[in-house]
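So you can see what is in the structure, the chains are spelled out below.
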Amino acid sequence: MPRGRRGGRVSALEGCREEEAPPAADAVPSVLWASGQQPESAAELILLRGIFEIRRDSCDVVLSERVLRWQPIQPERPTGDSKYNFLHKEEFIELKDIFSVKLKRRYSVKQQRSGTLLGITLFICLKKEQNKLKDSTLDLINLSEDHCDVWFRQFKKILAGFSDRPKSLKIVLNPQSHKKEATQVYYEKVEPLLKIAGIKTDVTGSTNVLAHSLHGISHVVTATLHIIMGHIQPVDVCTFSTTGKFLRFGFSAMFGFGGRALALAEKHRWMSPNQRMDFAVIKALAKLKPEECEISFLPVNDPQDLGERRAQGSLKPDCNDQWQMIQGQFLNVSIMAIPCLCSVAPRGLAPNTRLNNGSMALIISRNTSRPEFIKHLKRYASVKNQFNFPFVETYTVEEVKVHPRSNSSGHNPEEEDVPHETATGSSFPWNVDGDLMEVASEVHVRVHPRLINLYGKSMEETNDSKVTCSCL
């Protein structure tokens, strides 16, 4: 789809203010506009109808309550020419996929304040493959100021009706992430889209991010477009506490091998992130030892009943719920309220977990040989079932209590370069969302269903509707 570049600069006029339009996204072949099932239009109210040039064709354009449709104006055609009819079929976009509208102008050297009107540019959010979103443009060319003003105002009115879309944001960046390129990525890829959408921003601070599990893909443009489009997704959150003392919120945690590897990586922060994590994993595997501990958990016996109780606001365990307890030597204990998709586990560290089903995955790796444990870890990167080992147990739970037995596994900080040398005293290292948490006693983890709303779409919704999926 040509973008209607007719030379010169393009700017946007909104009200009485002119702005130079940011570089628009590459246009997409027209077949993508009309992909999928067309919305029902029989009962829709037509708001506007007019003629615009679209991709060098004069088109009859109809704006209704939910859809913008267009079709080339057909001259008298040869009788029975089916190929001609196919090439001139109606196309459409749904208004919910439009995130901004600008007046398109061309400027010359002599025109410093008011350029020559070319028409209207619509900025569209396209749904691509593999949970990916892409921004694109559609130019409606018409040189009439009055004609374009009527359509422009109507589009602005429609966009104002999407109340879930943010008007301003405080962006929190982690300048150390993505090989310390996060700030550059933000200003090159994120901020231009937010400006096009008319969203005011304030950048501050440094923190970790939740994105891959939310969208099913690690893609900054997709995350940005979810924010712009106002796609809201409720997400379960865990609380971590010890002996009645609140420690922190989180989405996932690892105790044992996962905690030790992170503790080792934290001691080598002079390395690049990838180097120190590879080093820590290799060293933790070389000194692989189990933790002696007791694990108590409240299982989810009936997920449907749990969902009904959560929906009714009954957060306390049912009187018939029974805690279960297991004890022994464990190489790793994972507790996850989200799937935890990442580059080393494309299907997720807990692939059977959902973002907001009110439960957590408890994954336990009992003591086994180093080669067998490595086989288990390698399965995360493949399509094979990583839990299909006799030493791996999985449970769906509401609450978990992990009680380590101090130094029972024979750790001696003076003899080996693995925790507990990274912890104070007899503390045990935990990996909570990639952050090191050191705790000396029992840790109680509890899930709180749909505690927060984030920008994004569930992968189930995305895959079912054959569209794609924010949090920065």
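Here is what the cut-offs are and how they apply
Residues numbered from 1 in each chain as written. Predicted model: local features only at pLDDT ≥ 70, side-chain atom pairs only at ≥ 80, totals over all residues. Heavy atoms only, no water. Helix = DSSP H or I, 4+ residues; strand = E, 2+ residues; numbered from the N terminus. Buried < 20%, exposed > 50% of the residue type's maximum accessible area, 1.4 Å probe, protein only. Areas by Shrake-Rupley, 256 points an atom, 1.4 Å probe, with all protein chains shown as cover. Patch = residues over 30% accessible without salt bridge, like charges linked within 9 Å, V, L, I, M, F, W, Y side chains within 5 Å. Salt bridge = Lys/Arg side-chain N within 4 Å of Asp/Glu carboxyl O. Core = buried A, V, L, I, M, F, W, Y, C linked by side-chain atoms within 4.5 Å. Contact = heavy atoms within 4.5 Å. Axes fitted to C-alpha atoms, helices over the stretch in contact; angles between N-to-C directions. Parallel < 35°, antiparallel > 145°, perpendicular 65-115°, else oblique. Left-handed = near helix turned anticlockwise from the far one by under 90°. Nonpolar A, V, L, I, M, F, W, Y, C, P; charged D, E, K, R; others polar. Phe/Tyr/Trp six-rings, centres within 6.5 Å; stacked < 30°, edge-to-face > 60°. Lys NZ or Arg CZ within 6 Å of the ring centre and 35° of its normal. Pairing = 2+ DSSP bridges. Expected span 1.5 Å × (residues − 1). Arc of directions from axis to C-beta. Polar contact = N/O pair within 3.5 Å; in protein donor to acceptor, adjacent residues only side chain to side chain. pLDDT = per-residue confidence, 0-100.

What to know about the overall build of the chain
Counting its regular elements, the chain contains 11 helices and 21 strands. By the burial criterion, 47% of the 472 residues in the chain qualify as buried. Here the chain has roughly 24100 Å² of accessible surface; of this, 50% comes from carbon and sulfur atoms.

Thoughts on a nonpolar patch on the surface
Taken together, the side chains of F246, F249 and L451 present a nonpolar region at the surface, about 300 Å² in accessible area. As for its placement among the helices and strands, F246 is situated in strand β13 (residues 245-250). Residue class for F246 comes out partly exposed when judged on its relative accessible area of 43%.

Considerations on unusual backbone geometry
The phi angle at R56 is positive, at roughly 70°, despite the residue not being glycine. For D433, which is not a glycine, the phi torsion comes out positive at approximately 55°. In this structure, D433 sits in the loop between β19 (428-432) and β20 (435-439).

Here we look at the nonpolar core
Ranked by internal contacts, the top residues of the largest apolar core, which has 29 residues, are I363 and F373. Those elements that provide at least two residues to this core are β12 (232-242), α7 (257-266), α8 (273-286), β16 (324-336) and β17 (360-366). In terms of residue count, the dominant contributor to this core is α7 (four residues). Apart from residues no more than four positions distant in its own chain, F373 is found in contact with F257, L285, L288, L331, N332, S365, T368 and F391.

A word on the pattern of salt bridges
Counting across every chain of the model gives 15 salt bridges. One salt bridge in this structure joins E91 and R55, with 2.4 Å as the shortest N-O distance. With a gap of 36 residues between them, E91 in strand β6 (residues 91-94) and R55 in the loop between β3 (46-54) and β4 (57-64) connect regions that are remote in the sequence.

A word on the packing of α7 against α8
The geometry of a pair of packed helices is captured by two quantities: the angle between their axes and the separation between those axes. The contact between α7 and α8 brings their axes to 8 Å, and the two run at 130°. When the axes of α7 and α8 are compared, the pair comes out oblique. As for how α7 packs across α8, the hand of that crossing is right-handed. Contacts from F257, A261, L262, L264 and A265 of α7 reach α8 at R276, M277, A280, V281, K283, A284 and L285. The residue makeup of the contact of α7 with α8, split by class, is 10 nonpolar, no polar and two charged.

A short note on the packing of aromatic side chains
Across all of its chains, the model carries 11 aromatic pairs by this definition. Their ring planes at 40° and their centres at 5.4 Å tell us that F389 and F391 sit as a pair that is tilted. Grouped by ring-pair contacts, the aromatic residues F52, W151 and F155 constitute a single cluster. Seen from the ring of F162, R165 lies directly overhead, with NZ or CZ sitting 4.1 Å from the centre. Of note, K401 hangs over the ring of W323, and the distance from its end group to the ring centre comes to 4.9 Å.

Here we look at the pairing of strand β21 (residues 443-455)
Of the pairings in the sheet, the one linking β12 to β21 comprises nine bridges and is antiparallel in character. The partner of V237 across the bridge, within β21, is H448. As defined by bridge partners, strand β18 (residues 392-404) adjoins β21 across four bridges and the pair is classed as antiparallel. Residue pairing in the sheet places V400 in a bridge with V445 of β21.

Digging into helix α6 (residues 220-229)
For α6, the tally of buried residues reaches nine of 10 residues, placing the bulk of the element in the interior. All of the buried residues along α6 are V221, T222, A223, T224, L225, H226, I227, I228 and M229. G230 sits one or two residues past α6 and shows a positive phi near 70°.

Some words on helix α2 (residues 145-160)
Note: α-helices contain 3.6 residues per turn, so residues at a spacing of three or four share the same orientation. Under the 1.5 Å per step criterion, the end-to-end length of α2 is 22 Å for 16 residues, consistent within 8% with the ideal 22 Å. Taken as a whole, α2 has its buried residues at C148, W151, F152, Q154, F155, I158 and L159. The buried residues of α2 occupy an angular sector of 165° when projected down its axis, which confines them to one face. Among the exposed residues of α2, those pointing more than 90 degrees away from its buried face are D146, R153, K157 and A160. A side-chain oxygen of the first residue of α2 lies 3.2 Å from the backbone nitrogen of H147; this N-cap is S144.

A short note on the environment of T368
Considering the arrangement of structural elements, one finds T368 in the loop between β17 and α10 (370-379). The exposure class assigned to T368 is partly exposed, which follows from its relative accessible area of 23%. Spatially, the C-alpha atoms of T368 and F391 are 6.8 Å apart, while their sequence positions differ by 23 residues. When near neighbours in sequence (up to four residues on either side) are disregarded, T368 contacts L331, F373 and F391.

Considerations on the confidence of the model for the chain
For the chain, per-residue confidence averages 79 on the pLDDT scale, and residues scoring 70 or more make up 72% of the total. Contacts from residues 408-416, a stretch scored under 50 in pLDDT, to residues over four places away or in other chains number 17 contacts. This stretch, residues 418-424, has a pLDDT under 50; its non-local contacts, to residues over four places away or in other chains, come to 24 contacts.

Here we look at the packing of helix α4 (residues 182-196) against α6
Two elements in contact, α4 and α6, have axes whose closest approach is 10 Å; the angle formed by their N-to-C orientations is 30°. Judged by the inter-axis angle, α4 sits roughly parallel to α6. The handedness of the crossing between α4 and α6 comes out as right-handed. Contacts from V185, K189, V190, L193 and L194 of α4 reach α6 at V220, V221, T224, L225 and I228. Within the contact of α4 with α6, the residues separate by chemical class into eight nonpolar, one polar and one charged.

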